[in-house]
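Now for the letters of each chain:
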Amino acid sequence: MSIIQRIILIILLVISISTCRSSPHECDADDDLSTQAHNNLEQEFGHDFQAYPSYLDSITEGYNINQDQIHGFNDNVEEVANGVALIDVSSLGAKGDGDTDDTMAFEKAWEEACSSNIPVNFVVQQHKNYLLKQITFSGPCKSSISMQVFGSLEASDNTSDYDKDRRHWILFNNVQNLTVGGGGIINGNGKIWWQNSCKINKSLPCKEAPTALTFYNCKKLKVKNLKIINAQQFHVSFEKCTKVEASNLMVTAPENSPNTDGIHVTNTQNIQISDSTIGTGDDCISIVSGSQTVHATDITCGPGHGISIGSLGYGNSEAHVSDIIVSGAKLSGTANGLRIKTWQGGSGNASNIVFQNVEMRGVKNPIIIDQNYCDQNDPCKEQNSAVQVKNVVYQNIKGTSATKVAINFSCSKSFPCEGIVMQNINLVGESGTSKAICKNVQFSKVENVSPH
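Residues numbered from 1 in each chain as written. Predicted model: local features only at pLDDT ≥ 70, side-chain atom pairs only at ≥ 80, totals over all residues. Heavy atoms only, no water.

Let's talk about the sheet that holds strand β9 (residues 168-173)
1) Next: One open sheet accounts for 11 strands, arranged β6-β9-β12-β14-β16-β18-β20-β23-β25-β27-β29; its pairing is parallel. Pairing within the sheet leaves two strands with one partner each, and these edge strands are β6 (135-138) and β29 (435-439). Within this sheet the neighbouring strands show an average axis-to-axis angle of 15°, counted without direction.
2) Next: Where strand β18 (residues 285-287) lies against strand β20 (residues 307-312), 3 bridges are found, and the strand directions are parallel. Directly across from I287, in β20, lies its bridge partner I309.
3) Next: Helix α5 (residues 103-114) rests against β6 and β9 of the sheet, and its axis sits at about 5° to β6. (Pairing = 2+ DSSP bridges. Helix = DSSP H or I, 4+ residues; strand = E, 2+ residues; numbered from the N terminus. Axes fitted to C-alpha atoms, helices over the stretch in contact; angles between N-to-C directions. Contact = heavy atoms within 4.5 Å.)

Comments concerning the state of the cysteines
1) Next: On inspection of all chains with the given rule, the structure shows 5 disulfides.
2) Next: Across the disulfide from C114 sits C141; the S-S distance is 2.1 Å. Because the sign of the S-S torsion sets the handedness, a value of about -100° for the bond joining C114 and C141 places this disulfide among the left-handed ones. With C114 in helix α5 and C141 in the loop between β6 and β7 (145-149), the pair connects residues that are 27 residues apart, well separated along the chain.
3) Next: Owing to a relative accessible area of 10%, C114 belongs among the buried residues under this scheme.
4) Next: Two residues, C284 and C301, share a disulfide whose sulfurs are 2.1 Å apart. Looking down the S-S bond of the C284 and C301 bridge, the torsion is 85°, so its handedness is right-handed. One end of the pair, C284, is in the loop between β17 (269-279) and β18; the other, C301, is in strand β19 (residues 292-301), and 17 residues separate them in sequence. (Disulfide = S-S within 2.5 Å. Buried < 20%, exposed > 50% of the residue type's maximum accessible area, 1.4 Å probe, protein only.)

Quick look at the nonpolar core
1) Next: If you look at the biggest cluster of nonpolar residues, it comprises 99 residues, and the most contacted ones within it are F106, W110, F122, F172, F215 and Y394.
2) Next: With sequence-adjacent residues up to four places away left out, F106 is seen in contact with V89, A94, F122, V124, Y130, L132, I135, F137 and L153. (Core = buried A, V, L, I, M, F, W, Y, C linked by side-chain atoms within 4.5 Å.)

Things to note about the confidence of the model for the protein
A low pLDDT score tells you not to read the predicted coordinates there in detail.
1) Next: Mean pLDDT over the protein: 86, with 82% of residues reaching 70 or higher.
2) Next: Confidence over residues 1-78 falls short of pLDDT 50; this stretch has 103 contacts with residues more than four positions distant or in other chains. (pLDDT = per-residue confidence, 0-100.)

As for the pattern of salt bridges
1) Next: Inspection of every chain in the model, using the stated rule, returns 6 salt bridges.
2) Next: K133 is the partner of D101 in a salt bridge, and the nearest nitrogen-oxygen pair spans 3.6 Å. Of this pair, D101 sits in strand β3 (residues 97-101) while K133 sits in the loop between β5 (129-132) and β6, and the two are 32 residues apart along the sequence.
3) Next: A salt bridge links D283 to R339; its shortest N-O distance comes to 3.1 Å. Separated by 56 residues along the polypeptide, D283 in the loop between β17 and β18 and R339 in strand β23 (residues 338-343) bring together distant segments of the chain. Across the pair, R339 and D283 agree in class, each one buried.
4) Next: Through salt bridges with shared partners, a single ionic network connects D101, K133 and D161. (Salt bridge = Lys/Arg side-chain N within 4 Å of Asp/Glu carboxyl O.)

Examining the packing of aromatic side chains
1) Next: Under the definition given, this model contains 14 aromatic pairs.
2) Next: Ring plane angle 90° and centroid distance 5.4 Å describe the contact between W343 and Y373, whose orientation is recorded as edge-to-face. Taken as a pair, W343 in strand β23 and Y373 in strand β25 (residues 367-373) lie far apart in primary sequence, 30 residues in all. Each member of the pair, W343 as well as Y373, carries the same accessibility label: buried.
3) Next: Clustering of aromatic rings is evident, with ring pairs tying together F106, W110, F122, Y130, F137, F172, F215 and F238. (Phe/Tyr/Trp six-rings, centres within 6.5 Å; stacked < 30°, edge-to-face > 60°.)

Describing α5
1) Next: A rise of 1.5 Å per residue sets the reference length of α5, with its 12 residues, at 16 Å; its end C-alpha atoms lie 16 Å apart and thus fit the reference within 8%.
2) Next: Buried residues of α5: T103, A105, F106, A109, W110, E112, A113 and C114, and no others. (Expected span 1.5 Å × (residues − 1).)

Quick word on the side chain of Q371
1) Next: Turning to its location among the elements, Q371 is positioned in strand β25.
2) Next: Owing to a relative accessible area of 1%, Q371 belongs among the buried residues under this scheme.

Observations concerning the pairing of strand β26 (residues 388-401)
1) Next: In terms of strand pairing, strand β24 (residues 347-363) meets β26 through 11 bridges, oriented parallel. Bridged to S351 within β26 is K390.
2) Next: Both β26 and strand β28 (residues 417-429) contribute to a ladder of 10 bridges, which runs parallel. What sits directly across from K390, in β28, is E418.

Quick notes on the layout of surface pockets
1) Next: One number sums up the size of the largest pocket: a volume of about 1,600 Å³.
2) Next: Lining the largest pocket are 45 residues, with K199, Q233, F234, N259 and D375 positioned closest to its centre.
3) Next: Among the secondary structure elements, those contributing two or more residues to the lining of the largest pocket are α6 (191-195), β12 (211-216), β16 (263-266), β20 and β23.
4) Next: The class makeup of the residues in the lining of the largest pocket is 14 nonpolar, 18 polar and 13 charged. (1 Å grid on protein atoms, 1.4 Å probe; cavity = no way out; pocket = protein on both sides within 12 Å on 5 of 7 lines; lining within 4 Å. Points joined across faces, edges and corners; volume = space filled by probe spheres on them. Nonpolar A, V, L, I, M, F, W, Y, C, P; charged D, E, K, R; others polar.)

The following block contains the structure:
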């Protein structure tokens, strides 16, 4: 079918949809025309256009086709309407049968998308399971890209497929104006990696494992409406990114899966994480050095290790984290609640942090600052330097503690925790009693706090 014929079919379908939306009683006479146009499109392209509402809405706003926009695109770019190009990975050979390696088809589709002079809707079809080895989507790209994952992406479980890069499975590198969403599934297929982790099998050496979904040096980024499951190690990582919106994410892995942080933020500024449910074998959210202006709102966490700032200062390094707000979180059955953790010997600071409006149920360490963090086999030596923790607010926090110690501030002798504010805290032990431990901490304000 020629491009012109395709465009005519699109227009016929759009006109019938638009008419139905404006005058439903007039639709009966046009049902056959609409159905025929829709069926022809589905037969031609191999997928249902009604399954892609974001693309369909964009072309119903106007369907004047600019011939100059069509020029320069090959047949892999299926349609150009209202200044938006549609690229479907299936048109470049992706099978989506769960057995065929579709990596090359995705690379070709990305090359087309990244070189487009107009915005692109990159489509991954629903009801299909695309098997992928390690893959990098690199920029800079000429225009904005919306990757709509309606189906599933599944990682190869052959560890040799990651010999060139053991740190990443899907990597978006240096891309601006990118949206990744669609309601589909990103499956890290991580069981083989967990079994060979030194944290599971103590006799094995510790090696890196891939992060399922990494965004590196990306700007004006939106990641939304995705389910990320069973990552090899971290699920989603934002590294050296700016202006990020992450929303409506569901992140899940078994409670005993090692190092499977849900959302990891490092060297990233101006990021909003919202309306997400995270249950993994490690931190639900981890925020580490170089991160600034991080807002996490309406987060449901559990199982896992809670919401953590750190660890910071490992290997006598300098770390800086500031302007963090965690608001509206619900944590259930986690190993920690709201945690700040730093290694001895580090330097720098973690400052201007707010934890507010948080509910906890059966959390082992609901509120904890640990400036003596040590995650290694050998005991950590006591050192004089530390990452300074200051200006931290805990406000409107309630619930139950699975242990007797509901509040634990274990701060540095040399660099005490400063400017700590606690207001309206009510944490009760599941046995009926709880207590607070405070070492080397300087409070600015304490009001309505239980335990004292």
